[in-house]
Amino acid sequence: VQLQASGGGLVQAGGSLRLSCAASGRTFSNYAMGWFRQAPGKEREFVAGINWSGGTTYSDSVKGRFTISRDNAKKMVDLQMNSLKPEDTAVYYCAAKWSTVVVVPRRLYDYFGQGTQVTVSS
């Protein structure tokens, strides 16, 4: 599976961005998908995950502000980010794990795409 993330950019605090991740491969629906982020000097952390049927899990820091979704026919997974805060500034990565359930630990994911930079100004 190859993953290509896009949609990052610069936004003011309180604004919104939508990240997209395009996946290759014939068995996209067999993968749980996730979004991670890594701020300078910090470890890569889980943001949101979704299983093949749309079940979701969010980190406490983004719950209520971010929404993850997927389109299995288009092999896409999106992350809608609202009410952005400066602390959301990071490089965001999409990831895939062969699984029927949402996966949280970074070490369990099989594939990571290249990152897309999100910068939130105060």
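Preceding this section is the structure that the text describes.
Computed from a predicted structure; not experimentally measured.

**Thoughts on the pattern of salt bridges**
Thought 1: What the rule picks out here adds up to six salt bridges.
Thought 2: Asp-88 is paired through a salt bridge with Arg-37; the nearest N and O atoms lie 2.9 Å apart. Linking Asp-88 in the loop between β8 (76-81) and β9 (90-98) with Arg-37 in strand β4 (residues 31-38), this pair joins segments that are 51 residues apart in sequence.
Thought 3: Beyond isolated ion pairs, a larger network of salt bridges with shared partners links Arg-37, Glu-45, Arg-65 and Asp-88.

**Re the sheet that holds strand β1 (residues 3-6)**
Strands pair in a sheet through their backbones, by hydrogen bonds, and they do so in one of two ways: parallel or antiparallel.
Thought 1: The four strands lie next to each other as β1-β3-β8-β7, forming an open sheet whose pairing is antiparallel. In the strand order of this sheet, the two ends are held by β1 and β7 (66-71), each with one partner. Neighbour-to-neighbour, the strand axes of the sheet open up by a mean angle of 15°, direction not taken into account.
Thought 2: As paired elements, strand β3 (residues 17-23) and β8 share six bridges and run antiparallel to each other.

**Description of the state of the cysteines**
Thought 1: Scanning the entire structure with this criterion turns up one disulfide.
Thought 2: A sulfur-sulfur distance of 2.1 Å marks the disulfide that ties Cys-21 to Cys-94. Here the S-S torsion is close to 55°, and the disulfide linking Cys-21 with Cys-94 is therefore right-handed. Taken together, the residues span a long stretch of sequence, with Cys-21 in strand β3 and Cys-94 in strand β9 at a distance of 73 residues.
Thought 3: With relative accessibility at 0%, the residue Cys-94 sits in the buried group.

Parameters at a glance
- Residues numbered from 1 in each chain as written.
- Predicted model: local features only at pLDDT ≥ 70, side-chain atom pairs only at ≥ 80, totals over all residues.
- Heavy atoms only, no water.
- Salt bridge = Lys/Arg side-chain N within 4 Å of Asp/Glu carboxyl O.
- Helix = DSSP H or I, 4+ residues; strand = E, 2+ residues; numbered from the N terminus.
- Pairing = 2+ DSSP bridges.
- Axes fitted to C-alpha atoms, helices over the stretch in contact; angles between N-to-C directions.
- Disulfide = S-S within 2.5 Å.
- Buried < 20%, exposed > 50% of the residue type's maximum accessible area, 1.4 Å probe, protein only.

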